[in-house]
Amino acid sequence: MPGLTDESPQGRRIAAIALGKRGGPGAVAALRAALAREEVLWVRPSMILALGKIGDDDARAALADVEPRSEAESEALRKARDRVSAPATGFAWRSDATVERLFASVPFGLEDVAIAEAAERQIEATLVRRGVIALRAPLPGLRNALRCAYDVRFLIAEGAPGAFSETIAKARVPWREWIRSESDALPYRFSLENVRVTRQQFSDVLRLARETFAPLGLIDSPSNYAAMLRVEADADATRIWFVPTFEPDERFAYRLADVGASINPVVGACLARLVRGKASHVVVDPTCGSGTLLIERALLDSDVILSGIDISPTAIRAATGNVIAAKLASRIAIRQADGGDSAAWPGRCDEVLANLPFGNRTEDRNLDGLYRRVVGNIGRTLAPGGRALLYTAHTKTLIALLRRTPQLAVREERRVESGGLQVGLWLLVKASDRR
Ligand SMILES: C[S@@+](CC[C@H](N)C(=O)[O-])C[C@H]1O[C@@H](n2cnc3c(N)ncnc32)[C@H](O)[C@@H]1O
């Protein structure tokens, strides 16, 4: 590995980074020898990080022997050791846990849907503010019981807007009252959300978090962790959340593949509930992508049959694989076609659920034409009293179209936020034939 003996420190640093990426026989021994020789303080962290990247048993042993010589080196060593550490296992909910201040984070604009789902599962839920609901329920299995929530979380501190350090300093995390652990420590991943800070400001906040939480048996471990510690900078307050992640999230395990524009499955679960009609039997998604909306809708009622259409062969492959993984192939048919083509639709349907293309991709040319033809197909095939939910950020076209389609009455119009994007949602009901 000649680069590691390069005369220039920058050359040795670049060689170490490249070797960490490449790995292979002799890489750990070469990095170990280089680290023993290296005197330049700003080169050594890259060699340590390279060992962490390789991450095998030899690299782990080499990292165990490193004595850091600077703060930057300590930080690199912490990251590298974390990378090679074992996954966080051996955690379970305590059956006798009593929890106050238990919450769930839910999609903005769909809080009522998440609350209704919780109520259906006999879980008491109330609205706190946009995107947050409060829960009262036993902890075991809770995360997997709620498809319409991103996570289940504990509020461990609340302070003034922007007061990150003060809020961290007053955090209380009695995690042992909630969680049984085989070891006496719980690894967490730290993050500072909804705010831009400099690297130095972030390091300062992280250092304070480490110092505050270490005496409570909480260890900063960004690669292998059992919970997240999220400092969220909201406009009205700084909030610190403890978000357990040790319980595997099995809810959307069917989604083996997605398409670039796939919907967040939690939002998908909410939309499926929102469109759900009492007497629906046939459901169509004319731009089905990965099939997520169809699968979420199928999971709600075992007697609906569903039809997915998409023009893209990649989407068809993804949807077909996901439908099989969800064990729903007997009820969900996927076909490659133009969703605007009336021949691709069933003769009659009771529900339509569509996350239409937003126009961000090259294949989405002539979007207005597609919207017009899809809305035309809905008007033609939807049974009287049938429901359609259209979800798109390309709102102007749809609003204009719906004004010209009186047989589809707008029952509800909302703005939902997903991935930082404002998306419009229209719930339509087909007028009855009777006059
Ligand atoms: C926003 S994505 C749908 C994502 C989907 N809900 C999911 O979760 O994966 C829009 C989809 O419309 C499809 N599409 C674009 N033009 C179409 C057309 N003329 N007919 C049918 N599908 C079309 C794209 O291939 C894409 O998969």
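A. Examining the site of the ligand more closely. In the region of the ligand, 21 residues are neighbours, and Ser 262, Ile 263, Ser 290, Asp 310 and Gly 339 sit closest. Between Ser 262 and the ligand, the recorded distance is 2.7 Å, taken from a side-chain N or O atom to an oxygen atom. A distance of 2.7 Å separates an oxygen atom of the ligand from a polar side-chain atom of Ser 290. Computed on the free molecule, the ligand has an accessible area of 600 Å², of which 94% lies beneath the protein chains in the complex.

B. Inspection of the sheet that holds strand S16 (residues 408–418) at higher detail. Taken in spatial order, the seven strands line up as S13-S12-S11-S14-S15-S17-S16 in an open sheet, and their pairing is mixed. Among the strands making up the open sheet, the edge pair consists of strand S13 (332–336) and S16. For this sheet, the mean angle separating the axes of adjacent strands, direction not counted, is 15°. As paired elements, strand S11 (residues 282–285) and strand S12 (residues 305–310) share four bridges and run parallel to each other. If you follow Asp 285 over to S12, its bridge partner there is Gly 308.

C. Representation of the environment of Pro 161. Mapped onto the secondary structure, Pro 161 falls in the loop between strand S5 (151–159) and helix H8 (164–169). Taking relative accessible area as the criterion, Pro 161 reaches 46% and is therefore assigned partly exposed. Considering only alpha carbons, one finds Pro 161 and Thr 238, 77 residues apart in sequence, at a separation of 4.9 Å. When residues no more than four places from it in sequence are discounted, the contact partners of Pro 161 are Asp 234, Ala 235, Asp 236, Ala 237 and Thr 238.

D. Seen up close, the side chain of Thr 287. Along the chain, Thr 287 falls in the loop between S11 and helix H11 (292–300). A distance of 3.1 Å separates a polar atom in the side chain of Thr 287 from the backbone oxygen of Asn 355. When neighbours within four sequence positions are excluded, Thr 287 is seen to be in contact with Ile 309, Asp 310, Ala 354, Asn 355, Leu 356 and Pro 357.

E. Region of interest: the pairing of strand S2 (residues 102–105). Alternating residues of S2 divide into Leu 102 and Ala 104 and Phe 103 and Ser 105, and every residue in both groups is buried. Pairing between S2 and S5: four bridges, direction antiparallel. What sits directly across from Leu 102, in S5, is Phe 154.

F. Summary view of the sheet that holds strand S8 (residues 218–220). What the eight strands build is an open sheet, ordered S3-S4-S2-S5-S10-S9-S7-S8; its pairing is mixed. In this open sheet, the two strands that pair with only one neighbour each are strand S3 (124–129) and S8. Geometrically, the sheet is characterised by an average inter-axis angle of 40° between neighbouring strands, direction not taken into account. Pairing analysis gives five bridges linking S5 to strand S10 (residues 238–244), with the strands arranged antiparallel. Counted as the bridge partner of Ala 157 is Ile 240 from S10. Along the sheet, helix H6 (residues 111–120) contacts S3 and strand S4 (132–136); its crossing angle with S3, the most-contacted strand, is approximately 165°.

Basis of the calculations
In every chain, residue numbers begin from 1 and rise along the written sequence. It should be noted that, the model being predicted, local features are given only for residues of pLDDT at least 70 and side-chain atom pairs only at 80 or more, the latter also being counted only at that level, while totals for whole chains, interfaces and linings use all residues. Computation of side-chain values: all heavy atoms of the structure, hydrogens and water removed. A single heavy atom is enough: if one lies within 4 Å of a molecule or strand, its residue is considered near that molecule or strand. What qualifies as a polar contact is a pair of N or O atoms within 3.5 Å, subject to a donor-acceptor requirement within protein and to the restriction that residues adjacent in sequence count only when both atoms come from side chains. Computed by Shrake-Rupley with a 1.4 Å probe, the accessible areas treat only the displayed protein chains as cover when residues are assessed. Two strands form a pair only when DSSP identifies at least two bridges running between them. Each helix is a run of H or I in the DSSP string that is no shorter than four residues. Each strand is a run of E no shorter than two, and both are numbered from the N terminus. Axis lines are fitted to C-alpha atoms, over the contacting stretch for helices. Their N-to-C directions set the angle, which ranges from 0 to 180 degrees. The rule is simple: take the accessible area with a 1.4 Å probe, protein chains only, and divide by the maximum for that residue type; under 20% is buried, over 50% is exposed, in between is partly exposed. Contacts were defined at the residue level, with two residues in contact if any of their heavy atoms lie within 4.5 Å.

By themselves, these observations are geometric and do not establish any function.
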